[in-house]
Amino acid sequence: MTELEARGVSRRDFLKVCTLAAGAVGLPAWAGEMMADKAASSAKPPVIWLHFQECTGCSESLLRASAPDVAELILSLISLDYHETLMAAAGYQAERSLADSMERNDGKYLVIIEGAIPTKDGGVYCRAAGRTAIETAHKVTARAGAVLAIGSCASWGGIPSADPNPTGAVGASKIVTDRPIVNLPGCPANPYNLLGTVLQYATFGTLPALDELSRPKLAYARVIHEDCPRRPHFDAGRFAHKYGDEGHRAGYCLYKLGCKGPVTHANCSLNHFVDVPGAWPIGIGHPCVGCTEQKIAFRVPLHQTVDVDRPTAPSTYPPIHADHRVVEPLPVGIGSAIVGALAGAGYMATKKLTGNPKKHDPEE
Amino acid sequence: MIGYGEPQAIGGKLLARPMKTLLAIFAVSLGVMWYRFSAGLGPVSNMTDGFTWGIWEPVNVVVFTGIGAGAYGVGLLCYLLNKGRYHGLVRPAVLAGAICYSLGAASIVVALGRYWNSYWLGVPTLWNLSSALLEVAICVLTYVMVLWVEMLPSFLARISASPSARWKTFGKKWGGRLQQAMPYIIALAILLPTMHQSSLGGLLLIAGPKIHPLWHTALLPTLFLISCLSMGFGAVVVLITILKLTWNVEHDQRLLAEMSRVNAYLLIALVVLRIGDITAGKLWYVGWDLISLLFFVELALFLTPALLFLSHRVKRSRGRLFGASLLAVAAGAVYRVDAYLSVYRPAPGWNYWPSIGEMTVTVGMAALGIAVFILISRMFPVLVVEETATGRPRASESAASR
Amino acid sequence: MIISRRSLLKGAAATGTVTALARCSHARERSGALPEAVGMLYDSTRCIGCRACVTKCKEVNGLPFDRDASGIYDTPTDLSSTTKNIIKVFRNGDNHAFVKQQCMHCVDPACVSVCMMGALHKEGSGKRNYPTERKGTGIVLYDKGTCVGCRYCQIACPFNVPKFQWQEAFPVIAKCEMCWHRRDPSQGEPFAIANPACCEVCPREAVIFGMRASLLAEAKRRIVADPKRYNGRIYGEREGGGTQVLYLAPAGVSFKDLGMPDLPAESSAHFSESVSHAPYLYGITPVALYAAMAFVLRRRKKRDDRLQRGGETKR
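Computed from a predicted model, the values in this text were never measured in an experiment.

Student: Got a minute to help me understand the overall build of chain B in this structure?
Tutor: Counting its secondary structure elements, chain B contains 13 helices and zero strands. In chain B, the order of α-helices and β-strands from amino to carboxyl end is α-α-α-α-α-α-α-α-α-α-α-α-α. Relative to the globule expectation of 21 Å for 402 residues, the C-alpha radius of gyration of chain B, 21 Å, shows essentially globular dimensions. The dimensions of chain B, computed from C-alpha atoms along their principal axes, are 65 × 55 × 40 Å. Out of the 402 residues in chain B, the part that is buried amounts to 62%. Taking all contacts inside chain B whose residues are at least 6 apart in sequence as the whole, residues at least 24 apart take part in 80%. Between the centroid of the 31 positive side chains of chain B and the centroid of its 16 negative side chains there is a distance of 8 Å.

And the structure:
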């Protein structure tokens, strides 16, 4: 902690980041505190970050913070032993680092894979340090504690796998098949999702619950559409039709511009990117492109509309038969009294007329 | 057997206490009507898009005109079937009919949303001949005029008895001319109600999906026609009995019993037709539920007075005949209200009960009707009064109205 | 001439029978769809419930937003005088289906049949047509100039479509008129006839506009192409005599679930008119009856007058 304080990072900021990260994977706030303590106190979790067919965007999204302190902060939470872009070392030194870390932290290190792995022609399309991506992946993950695939590229192939996929790019889970991989798709992935997963592993030794595509449920269970701040506009039928038109400027729903929010599982609508509020595609006026979904991103044209997947009709939708009842007790009482009075009067009159023998008109 | 005497004006104070009460009730309803015209139909009533006619059409129009169909029924018996002994009943029945129909027409104007456009009804090129309501509207408006024309002899008779020579001549001349035209007027007075009373039932034909099958049938026009005759006869007996008690109007028990026997056959015909209708494929709608109960209550309401009318005890008893006639009127009224409201279901989610404003207008209209009846009976020779030993009519002071 | 009780009963029975048999009389032709009938096709499986159609309909028709009883702006819960088009949802556990409700523009509309002054009429077939109305499109239009506000149309319509302005002192009836006022003669058919805003704005083409015949063909094609997706019926093909707005429902959802009433193939207008008009025989019956009665009564009166003058009083 003193180390961080020396760099001007308060405990409060530190806690904030940890809590946000915990929230990203659905752990309660107190877990964030625990993570902070663990991180601040002792051994930071060792992380080996592998890069394959990628643009480094996922790393960048981690670092592209408005406040440089947070970037420092993040890097202080983990011990980044190998990262081809960020590490100072290069060449043999870098590979030495990798081997050392693997040996030192055998069975405990976290591998984060960024980028797709080419499979065509024996995987020659991505080689570093004389090994193909396939070989590296197998080698490094063999003795890892946990493996994370960050970004769509590592999760399912991403943009390198877009048609015609000349390199045969696939996600890491297609290569590393002997152990579970946590996929964190997104292009780029939301850094808090990564952070939360890593810290959970470091603090508790567990990984978050995963869905059928190995994505953390609590970040990827819901579609953007369900939690989108522009949802009321969708519900009310207010849409932007062209970039820059009145509706667009008013912040209306971007569905008709091709927003893939209804079919994209992600939590960007809740956790914007890093710490800038509103810094996410829909927030700045561009429809969601579905970057986490293999069937959508880089396949369905940007401005083509999609069917709304599993729409949750809110309770404000009118039912088939609305309630138009108007009956109230007072008029019912009065009306019944009138009818009753008429019936009673008729009965009384009849009785009176019938009962009096003198009034009985004899037949003539 | 009492031969029919001449009708005479009852005379007496025009604004006696009962009249004042009735007019006060009407004044209140006038206030409600003023509110309706200034604020719209919604604020005053519980009418909604589902139950759009409220009670003003089913009760003020359909039930009131059913009661006023005594003019039609008595006219049929007296003129078409040439039973002249009913002649003494004609004027009171026609007056009641004229008033009831006028109330119905007035209620329609209050109930219409865009009443100011009703002048278009006078432009035949705009008529949509496929509409049963158009037929009702034209027929009813014409019939109201015919009924008041039928009352003209009574008004002219008084004018003829005026001390002024000029009015006397006027009255006699026009009275004579009217007498000559009577066959044509009476023919109209029988044709028109046949048409529109059956059409009042025909109005509901189009709402097949919304009316319970035990009530919705191609026989609706026939049933309503028979029912109106029954109601009319019953109403005439009730009316004459009340008039007997208040003003000692001539009350021929045998005649009324004979008329009620006709009523009995009409009621039995109604029951037979309705049972026949449901046995032809609708039996499975009958079950242990409220709707079926309502159906059987209606049948009982029809059958009970029918059987009573045929019984000797009732035929001889003024009170029992009165009670049975009340039942006959109630039966007709209940049938009409049921068909229009109780078993009408536009869709799930709608229900209806008249608001206080609507009930006020209905009651106020009824009060006005009674008041006008009293007024005209006092001023013009409408009713035949029984003579006492002194040869003068015994007018009762207690003109207590119901 | 004394008519006995028996003959009275016989007459009553005869009247009853005649009326009952009137159903069999073909006093009225069944009307089929007009040649240039336009319509809409609503596919509930494609609807996403975005309600762009509800908003746009209010916009192009100049309708205000709805308020609830306490005066707060709120989404409409049903068709009303301020809402001519609405989306409702049917829920069944986890499943749900949307349905769009507006005027069905029936082939043989009950409202047109019952409107006293022809205020509701098929385009071009009214009593007072606007100069630009053309016959054959089948759109049901409303002319407030002749409407007397009798609200018989509300009773007649099996879909409860026409709505009334209850809160106005000078009310009108409100219902969808297929954006007839948005027609553009410079464009080709069918937009020269009408241009419903709901169809124009729907992002999923869940509701589309066109000639009824083509829409019916399209609906059939969709069912054949993907039978598992649809409830196999096209609502409006025959119901109530047929409607010009056609509906497709998802498999497992009945049209009754979606609030569409179960109607026989005979339109209520046809039934009502057949029964009502049968006795009239194009107006011959009333005239003949009147003439007969007037004749009888006049003859009787003449005889009575003669007898009276002769000194005897009748009876």
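Student: Explain the interface of chain C and chain B here, please?
Tutor: Put simply, an interface is often sized by how much accessible area is lost when its parts join up. Taken residue by residue, the interface counts 68 residues in chain C and 72 residues in chain B. Summed over both partners, the interface of chain C with chain B buries about 6,200 Å², with 62% contributed by carbon and sulfur atoms. Ranking the residues of chain C by area buried against chain B places Met-116, Ile-155 and Trp-166 of chain C at the top, with a combined share of 12%. In this assembly, chain C and chain B are joined by zero salt bridges.

Student: Help me understand a positive patch on the surface, please; the structure alone is not making it clear to me.
Tutor: Taken together, the side chains of Arg-299, Arg-303, Arg-306 and Arg-309 of chain C define a basic patch exposed on the protein surface. Mapped onto the elements of the fold, Arg-309 of chain C is located in helix 8 (residues 284–309).

Student: Quick question: what am I supposed to make of the domain arrangement of chain B here?
Tutor: All names here are of chain B. You can read the domains of chain B as domain 1 (17–50 + 356–376) and domain 2 (51–346). Measuring from the centre of the C-alpha atoms in domain 1 to the corresponding centre in domain 2 gives 21 Å. Domain 1 puts 22 residues into the contact, and the matching count from domain 2 is 29 residues. Buried surface at the junction of domain 1 and domain 2, both sides included, amounts to about 2,000 Å², of which 76% is carbon and sulfur. On the surface where domain 1 and domain 2 come into contact, there are zero salt bridges.

Student: I'm lost on the environment of Val-99 of chain C in this one. Help?
Tutor: Take Val-99 of chain C: it is sitting in strand 3 (residues 95–101). When residues no more than four places from it in sequence are discounted, the contact partners of Val-99 of chain C are Ile-320 of chain A together with Tyr-42, Ile-86, Ile-87, Lys-88, Tyr-247, Leu-258 and Met-260 of chain C.

Student: Just checking my understanding: could you explain the sheet that holds strand 8 (residues 207–211) of chain C for this structure?
Tutor: Strands in a sheet are paired, the pairing made by backbone hydrogen bonds, and the direction either parallel or antiparallel. All names here are of chain C. One open sheet accounts for four strands, arranged 8-1-10-9; its pairing is mixed. A single partner strand is all that each edge strand has here, and the edge strands are strand 8 and strand 9 (230–235). Put simply, the sheet's adjacent strands are angled 20° from each other on average, direction ignored. Alignment of strand 1 (residues 38–43) against strand 8, held across five bridges, turns out to be antiparallel. In the sheet register, Leu-41 faces strand 8, and the bridge partner there is Ile-208. Packing against the sheet, helix 6 (residues 212–225) makes contact with strand 1, strand 8, strand 9 and strand 10 (245–250), and its axis sits at approximately 130° to strand 8.

Student: Explanation requested: the interface of chain B and chain A in the structure shown.
Tutor: If you look at the interface, chain B gives 28 residues, while chain A gives 26 residues. Summed over both sides, the interface of chain B with chain A buries roughly 2,300 Å², with 66% coming from carbon and sulfur. Joining chain B to chain A, the criterion identifies zero salt bridges. Top contributing element to the side of chain B that touches chain A by residue count: helix 12 (residues 318–342) of chain B, with six residues.

Student: Hey, could you run me through the packing of helix 5 (residues 87–111) of chain B against helix 13 (residues 356–379) of chain B in this one?
Tutor: The packing of two helices is summarised by the inter-axis angle and the distance between the axes. All names here are of chain B. Running from amino to carboxyl end, helix 5 crosses helix 13 at an angle of 145°, the nearest separation of the two axes being 10 Å. Relative to helix 13, the crossing made by helix 5 is right-handed. Taken together, the residues of helix 13 that come into contact with helix 5 (itself represented by Pro-92, Leu-95, Ala-96, Ile-99, Leu-103, Ala-106, Ser-107 and Val-110) are Met-365, Ala-366, Leu-368, Gly-369, Val-372, Phe-373, Ile-376 and Ser-377. When its residues are assigned to classes, the contact of helix 5 with helix 13 shows 13 nonpolar, three polar and no charged.

Student: Explain the packing of aromatic side chains here, please?
Tutor: To describe a pair of aromatic rings, one takes the distance between the centres and the angle between the planes. Enumeration over the complete set of coordinates arrives at 29 aromatic pairs over all chains. Taken together, a centroid distance of 6.5 Å and an interplanar angle of 40° make the contact between Trp-156 of chain A and Phe-298 of chain A tilted. With Trp-156 of chain A in helix 8 (residues 151–156) and Phe-298 of chain A in the loop between helix 14 (246–249) and helix 15 (329–355), this residue pair connects regions lying 142 residues apart in the sequence. Among the residues examined, Trp-156 of chain A registers a relative accessible area of 10% and is labelled buried. Taking relative accessible area as the criterion, Phe-298 of chain A reaches 35% and is therefore assigned partly exposed. Pairing Trp-116 of chain B with Phe-170 of chain C gives two aromatic rings, centres 5.3 Å apart and planes at 70°, and the pair type is edge-to-face. Residue Trp-116 of chain B is located in the loop between helix 5 and helix 6 (132–160), and its partner Phe-170 of chain C is located in the loop between strand 6 (163–164) and strand 7 (173–174); the two belong to separate chains. Overall, the relative accessible area of 31% leaves Trp-116 of chain B in the partly exposed class. For Phe-170 of chain C, a relative accessible area of 54% gives the class exposed. Three or more aromatic residues link up through ring pairs in this structure, and these residues are Trp-53, Phe-224, Phe-302, Tyr-335 and Tyr-340 of chain B together with Tyr-152 of chain C. Over the aromatic face of Tyr-252 of chain A sits the side chain of Arg-238 of chain A, whose NZ or CZ is 5.9 Å from the ring centroid.

Student: Whenever I open this one, the confidence of the model for chain C confuses me. Can you help?
Tutor: Interpretation of the predicted coordinates at a detailed level should be avoided for regions scoring low in pLDDT. All names here are of chain C. In this model, chain C carries a mean pLDDT of 87, and residues with pLDDT of at least 70 account for 89%. Mean pLDDT across the elements of chain C ranges from a minimum in helix 1 (residues 5–21), with 48, to a maximum in helix 4 (residues 152–156), with 97. Taken as a whole, residues 11–27 scores under 50 in pLDDT and shows 17 contacts with residues more than four places along the chain or in a different chain. What the predictor reports for the complex is a pTM of 0.77 with an ipTM of 0.91.

Analysis parameters
- Once a new chain begins, its residue numbering starts again from 1 and follows that chain's sequence as written.
- Following the order in which they are written, the chains are lettered starting with A and the ligands numbered starting with 1.
- pLDDT decides what is reported in this predicted model: residues at 70 or higher carry local features, side-chain atom pairs at 80 or more are listed and counted, and totals for whole chains, interfaces and linings draw on all residues regardless.
- Side-chain metrics in this entry use all non-hydrogen atoms of the structure; hydrogen atoms and water are not considered.
- A run of H or I in DSSP becomes a helix once it reaches four residues, and a run of E becomes a strand once it reaches two; helices and strands are each numbered from the N terminus.
- The globule rule is 2.2 Å times the number of residues to the power 0.38, and the radius of gyration it is compared with is taken over C-alpha atoms.
- We call a residue buried when its accessible area falls under 20% of the maximum for its residue type, exposed when it is over 50%, and partly exposed in between, using a 1.4 Å probe and counting protein chains only.
- Contact definition: two residues touch when any of their heavy atoms are within 4.5 Å.
- For this count, His and the chain ends are skipped, Lys and Arg are scored as positive, and Asp and Glu as negative.
- For the purpose of locating charges, the reference atoms are NZ of Lys, CZ of Arg, CG of Asp and CD of Glu.
- A 1.4 Å probe defines the accessible area here, and the buried area is the portion of it lost by two parts on being joined, summed over both.
- Salt bridge, as used here, is a side-chain nitrogen of Lys or Arg placed within 4 Å of a carboxyl oxygen of Asp or Glu.
- What goes into a patch is any residue over 30% in relative accessible area without a salt bridge, connected to like charges within 9 Å or, for nonpolar side chains (Val, Leu, Ile, Met, Phe, Trp, Tyr), within 5 Å.
- Note on areas: Shrake-Rupley, 1.4 Å probe, and residue coverage restricted to the protein chains presented here.
- Boundary definitions for the domains trace back to an automatic or database domain assignment.
- Two strands qualify as a pair provided DSSP detects at least 2 bridges between them.
- The angle between two axes is taken between their N-to-C directions and runs from 0 to 180 degrees, where each axis is a line fitted to C-alpha atoms and a helix contributes only its stretch in contact.
- It is the rotation of the near helix from the far one that decides the hand of a crossing: anticlockwise by less than a right angle makes it left-handed, clockwise makes it right-handed.
- Each residue gets one of three labels, nonpolar for Ala, Val, Leu, Ile, Met, Phe, Trp, Tyr, Cys and Pro, charged for Asp, Glu, Lys and Arg, and polar for the others, Gly among them.
- Aromatic contacts are taken between Phe, Tyr and Trp rings whose centres are within 6.5 Å, Trp giving its six-membered ring; a plane angle under 30 degrees counts as stacked, one over 60 as edge-to-face, and the others as tilted.
- To sit over a ring, a charge needs its Lys NZ or Arg CZ within 6 Å of the ring centre and within 35 degrees of the ring normal.
- For every residue, the predictor states its confidence as a pLDDT score lying anywhere from 0 to 100.

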